[in-house]
Amino acid sequence: MSDDSLIREAARVLRGSQRLVILTGAGVSKESGIPTFRDALEGLWENYDAQQLATPDAFRRNPRFVWDWYQHRREMMAEARPNPGHEAIAALQNHLPQAVVVTQNIDGLHQMAGSQDVIELHGSLRRNKCFDNCQGNPTLINIHTLAWNPATDDGPPPCPHCGGWVRPDVVWFHETLPPGALERAHLLCAAADVVLVIGTSGVVQPAANLPFVAARRNATIIEVNPELSQITAIARYYLPGPSGEIMPQVLAAMTDGE
Ligand code: BV8
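Scope of this entry: the structure provided in the associated data block. (Residues numbered from 1 in each chain as written. Predicted model: local features only at pLDDT ≥ 70, side-chain atom pairs only at ≥ 80, totals over all residues. Heavy atoms only, no water.)

**Points about the sheet that holds strand E4 (residues 123-130)**
Okay, so step 1: Ordered by their spatial adjacency, 3 strands build an open sheet running E5-E4-E6, and the pairing between neighbours is antiparallel. Bordering the open sheet on either side are strand E5 (140-141) and strand E6 (166-170), each of which pairs with just one other strand.
Okay, so step 2: The pairing of E4 with E6 spans 5 bridges and is classified as antiparallel. Among the inter-strand pairings, Ser-124 is bridged to a residue of E6, identified as Asp-169.
Okay, so step 3: Running over the sheet, helix H4 (residues 63-79) touches E4 and E6 and is turned about 140° from E4. (Pairing = 2+ DSSP bridges. Helix = DSSP H or I, 4+ residues; strand = E, 2+ residues; numbered from the N terminus. Contact = heavy atoms within 4.5 Å. Axes fitted to C-alpha atoms, helices over the stretch in contact; angles between N-to-C directions.)

**Quick notes on the packing of helix H5 (residues 84-95) against helix H9 (residues 243-255)**
Okay, so step 1: It is the contact of H5 with H9, at a shortest axis distance of 7 Å, that shows an interaxial angle of 25°. In terms of orientation, H5 and H9 fall into the roughly parallel class. Along this stretch, H5 crosses H9, giving a crossing that reads as left-handed. On H9, the residues touching Pro-84, Gly-85, Ala-88, Ile-89, Ala-91, Leu-92 and His-95 of H5 are Ser-243, Gly-244, Met-247, Pro-248, Leu-251, Met-254 and Thr-255.
Okay, so step 2: Of the residues in the contact of H5 with H9, the class split is 9 nonpolar, 5 polar and no charged. (Parallel < 35°, antiparallel > 145°, perpendicular 65-115°, else oblique. Left-handed = near helix turned anticlockwise from the far one by under 90°. Nonpolar A, V, L, I, M, F, W, Y, C, P; charged D, E, K, R; others polar.)

**A few points about the sheet that holds strand E8 (residues 220-225)**
Okay, so step 1: Taken together, the 6 strands give an open sheet; going across it, the order is E3-E2-E1-E7-E8-E9, and neighbouring strands pair in parallel fashion. Pairing within the sheet leaves two strands with one partner each, and these edge strands are strand E3 (118-120) and strand E9 (237-240). Direction aside, the axes of adjacent strands within the sheet are offset by 15° on average.
Okay, so step 2: With 5 bridges joining them, strand E7 (residues 194-198) and E8 adopt parallel strand pairing. The residue of E8 that forms the bridge with Leu-196 is Ile-222.
Okay, so step 3: Where helix H1 (residues 3-15) meets the sheet, it contacts strand E1 (20-24), E7, E8 and E9, and its direction lies at approximately 130° from that of E9.

**Focus: the packing of H1 against H9**
Okay, so step 1: Contact geometry of H1 with H9 gives a least axis separation of 8 Å together with a crossing angle of 65°. Relative to H9, the crossing made by H1 is right-handed. Contacts between H1 and H9 pair Ile-7, Arg-8, Ala-11, Leu-14 and Arg-15 from the former with Ile-246, Gln-249, Val-250, Ala-253 and Met-254 from the latter.
Okay, so step 2: Residues belonging to the contact of H1 with H9 are distributed by class as follows: 7 nonpolar, 1 polar and 2 charged.

**Regarding the side chain of Ser-32**
Okay, so step 1: Within the secondary structure, Ser-32 sits in the loop between E1 and helix H2 (50-53).
Okay, so step 2: A polar contact is formed between the side chain of Ser-32 and the side chain of Asn-83, at a distance of 3.0 Å. (Polar contact = N/O pair within 3.5 Å; in protein donor to acceptor, adjacent residues only side chain to side chain.)

**Brief notes about the site of the ligand**
Okay, so step 1: In the neighbourhood of the ligand, 34 residues make up the surrounding shell, with Arg-38, Tyr-70, His-174, Thr-200 and Ser-201 lying closest.
Okay, so step 2: Taking Thr-36, its side chain carries an N or O atom lying 3.4 Å from an oxygen atom of the ligand.
Okay, so step 3: One of the side-chain N or O atoms of Asn-225 is found 2.8 Å from an oxygen atom in the ligand.
Okay, so step 4: Protein contact buries 78% of the 1,500 Å² of open area that the ligand shows by itself.
Okay, so step 5: By residue class, the composition of the shell around the ligand is 13 nonpolar, 15 polar and 6 charged.
Okay, so step 6: Residue assignment places the shell around the ligand across two domains, with domain 1 (1-33 + 81-122 + 177-258) and domain 2 (35-79 + 125-170) each supplying three or more. (Near = heavy atom within 4 Å. Areas by Shrake-Rupley, 256 points an atom, 1.4 Å probe, with all protein chains shown as cover. Domains from an automatic or database assignment.)

**Looking at H1**
Okay, so step 1: Its 13 residues place the ends of H1 18 Å apart at the C-alpha level, agreeing with the 18 Å of an ideal helix rising 1.5 Å per residue.
Okay, so step 2: Of all the residues in H1, the buried ones are Ser-5, Leu-6, Ile-7, Ala-10, Ala-11, Val-13 and Leu-14.
Okay, so step 3: At its buried positions, H1 is contacted by E1, H5, E7, E8, E9 and H9. (Expected span 1.5 Å × (residues − 1). Buried < 20%, exposed > 50% of the residue type's maximum accessible area, 1.4 Å probe, protein only.)

Right, here's the structure in full:
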């Protein structure tokens, strides 16, 4: 099937969907200038694997180093804006109000693009919390209200309640996902008739299992990715290319003649 006819066919399936889940990964933010986990880390962290840094043990061993890595990523995210892929996904949700975005990303770009219903499986780098969740899970902390000076203080910001460390409100490897988020994402995928998977290698669990939950119940899987992934084998339609180019084409094909 040619790329054009693939796009039209995928658009037809999406237009007819009643219970659509849109699952996204780091690839959907690549065209906003945010490197994916597959991309080599740069700068201070170039000799580290993200999976080694994004763990509670790494934070316990070297809290300031890990805190600074996230501050570096926050600075990158502060410059980032939604790309045409995020915008097309938000517009698609306007056409299909029952469509839910389930994202592995922590950059908040789907919400910035106008997506209303977004499940953040791995938390958000726009939030911080007490490492010990001393006031309950999560104990969110606004670091801008703290008298903490990164230039002179040697650790991460101190929790104003217990004096422990403040950390990003993201899910690290070997941490469980936010209970409500994973349960709702699982229920939605179990009931989905179509799952649109965009920009994920399908490696990180349990997020990567969600399309399989849907496929086992005969949902149609559509994948957008410039490379093959762990999901491609179950994709009924694999649209090869960057989401910032493919998704606007899919949206245009969906709305043609409306
Ligand atoms: C847990 C937040 C219970 C932090 C992240 C079962 C089997 C095997 C292993 C496990 C398993 N269950 C649990 C594990 C362990 C682990 C895991 O999955 N390990 C992997 C590496 C094998 N999982 C966990 O620990 C999870 N917790 O299961 O709790 C538990 C408790 C204790 C002990 C055991 C289990 C927690 C996982 C969450 C980790 N946190 N993020 C942070 O960001 O710093 S995950 C992180 O990785 C990001 O969220 C990121 O999204 C994700 C990487 O995945 P992708 O999003 O897919 O990104 P990736 O770079 O891989 O791929 C990008 C894709 O984009 C590529 O395909 C590329 O081709 C494509 N692309 C590129 N450009 C574009 C594009 N696509 C479209 N357009 C483009 N322009």
